[in-house]
Amino acid sequence: MSDPLVGQAAVDHLLEVLDLKELGPFTFRGISPPVGPQRVYGGQVAGQALVAAGRTVDPSRLVHSLHGYFVRPGDPTEPIEYHVENIRDGRSFSVRRAVAVQGGHTIFFMSASFHRQEEGLDHHAPAPPGVPGPDEVPTMADRLARYADRAGIWAAIPRPIDVRYVGEPGWVAPGDRPADPYQRVWMRIDGRLPDDPLLHACALTYASDLTLLDSVLSVHGEVWGPGGVVGASLDHALWFHRRFRADEWFLYDCWSPSASGARGLATGRMFTEAGRHVATAVQEGLLRRVGG
């Protein structure tokens, strides 16, 4: 298995994935990376749906929230069509609905709202104290070197995002992960992105699905894969609070308030290194135990 793309080469590859082909005024087509998991990564389809929706909105209006549902697993070998519906263009807000279709079936749909920038009240809760910085925790390469037998396809696919876990990740061996009520991960796009706010929002959307559901397992010290749990995202919501750059470090502070009935709820806050709260995510996922 060849070494994965990293750095700017991987980022340029991600930009190609997010650069949808316009088939009509409200119809777009996206592709998946040639090397990847057996089903389309949820952050990819959500990010592409936001690209499609955003291209139909005045660029002066920035996305402030999105809400999506994963309906069917996507086939990474086939293109995905995105159909956008203009729900409303008001004086301050624009609302769009984007539907991802593959093989004549909906695999994902999303509503997104865009807001004309305004001045107003400004406050946020502080970032968690005492969290080591991104240079003080192991790199993904360091982590993978310890668990090459469990990394699977993730050791080969492009890595456009520099991901650094503060605690143990969910793909370690069963028994190697202590229970922790929080999962905290430093992330950044591992290269330079163009100065386009929509593109940074789409990149953050792409990243937001990587580790969020893992926080449900963290509460129990559980892991993904053999001897642990398999799962899938059911829905995903994301709110953008302040301007940011996805190619600069942000702390993804995640925890799970509830899990029951083979479903788990996870929420996460994203903070810059300076402690500014830039986004909040919430996701529910399907979680089922598997044998060793």
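Residues numbered from 1 in each chain as written. Predicted model: local features only at pLDDT ≥ 70, side-chain atom pairs only at ≥ 80, totals over all residues. Heavy atoms only, no water.

**Student:** Can you explain the pattern of salt bridges? Please cite residues and give values.
**Tutor:** For side chains of opposite charge, pairing can occur when their charged atoms come near one another. All told, the structure shown has 17 salt bridges when counted by the stated rule. Between aspartate 122 and arginine 242 there is a salt bridge; the shortest N-O distance is 2.8 Å. You can see aspartate 122 sitting in the loop between β6 (105–116) and α3 (140–146) and its partner arginine 242 sitting in the loop between β9 (229–240) and β10 (250–260), a full 120 residues away along the chain. For aspartate 122, a relative accessible area of 61% translates into the label exposed. If you follow the salt bridges from partner to partner, you end up with Arg192, Asp195, Arg245 and Asp247 in one network. (Salt bridge = Lys/Arg side-chain N within 4 Å of Asp/Glu carboxyl O. Helix = DSSP H or I, 4+ residues; strand = E, 2+ residues; numbered from the N terminus. Buried < 20%, exposed > 50% of the residue type's maximum accessible area, 1.4 Å probe, protein only.)

**Student:** Break down the sheet that holds strand β4 (residues 80–89) for me, citing the residues and quoting the values.
**Tutor:** Strand order in the open sheet formed by twelve strands is β1-β2-β4-β5-β6-β3-β9-β12-β11-β10-β8-β7, with antiparallel pairing between adjacent strands. Looking at the sheet topology across the chains shown, the edges are occupied by β1 (21–24) and β7 (161–165). Averaged over all pairs of adjacent strands, the angle between strand axes in this sheet comes to 25°, irrespective of strand direction. This element, helix α5 (residues 197–208), spans β3 (61–70), β6, β7, β8 (182–189), β9, β10, β11 (263–272) and β12 (277–289) of the sheet and lies at about 150° to β9. (Pairing = 2+ DSSP bridges. Axes fitted to C-alpha atoms, helices over the stretch in contact; angles between N-to-C directions. Contact = heavy atoms within 4.5 Å.)

**Student:** How would you summarise helix α1 (residues 7–18) if you had to cite specific residues and measurements?
**Tutor:** Helix length check: α1 (twelve residues) gives 17 Å between terminal C-alpha atoms against 16 Å at 1.5 Å per residue, within 8%. Within α1, burial applies to Gly7, Ala10, Val11, His13, Leu14, Val17 and Leu18. Take α1 and look down its axis: the buried residues cluster within an arc of 155°, on one side only. Residues of α1 that are buried sit in contact with α2 (42–54), β8 and α5. (Expected span 1.5 Å × (residues − 1). Arc of directions from axis to C-beta.)

**Student:** Run through the layout of surface pockets, naming residues and quoting values.
**Tutor:** A volume near 990 Å³ is recorded for the second largest pocket. If you trace the second largest pocket, you find 31 residues lining it, with Gln117, Phe240, His241, Arg242 and Arg243 closest to the centre. Contributions of two or more residues to the lining of the second largest pocket are made by β3, β6 and α5. Among the residues forming the lining of the second largest pocket, the class breakdown is twelve nonpolar, eight polar and eleven charged. (1 Å grid on protein atoms, 1.4 Å probe; cavity = no way out; pocket = protein on both sides within 12 Å on 5 of 7 lines; lining within 4 Å. Points joined across faces, edges and corners; volume = space filled by probe spheres on them. Nonpolar A, V, L, I, M, F, W, Y, C, P; charged D, E, K, R; others polar.)

**Student:** Account for the packing of aromatic side chains, with residues named and values stated.
**Tutor:** Counting across every chain of the model gives six aromatic pairs. Taken together, a centroid distance of 5.0 Å and an interplanar angle of 75° make the contact between tyrosine 41 and tyrosine 206 edge-to-face. Of this pair, tyrosine 41 sits in the loop between β2 (27–30) and α2 while tyrosine 206 is found in helix α5, placing the two residues 165 residues apart along the sequence. Centroid distance phenylalanine 70 to phenylalanine 108: 4.9 Å. Interplanar angle 45°. Geometry classified as tilted. You can see phenylalanine 70 sitting in strand β3 and its partner phenylalanine 108 sitting in strand β6, a full 38 residues away along the chain. The pair formed by phenylalanine 70 and phenylalanine 108 is uniform in burial state, with each residue classed as buried. Over the ring of tyrosine 182 we find arginine 184, and its NZ or CZ is 4.3 Å from the ring centre. (Phe/Tyr/Trp six-rings, centres within 6.5 Å; stacked < 30°, edge-to-face > 60°. Lys NZ or Arg CZ within 6 Å of the ring centre and 35° of its normal.)

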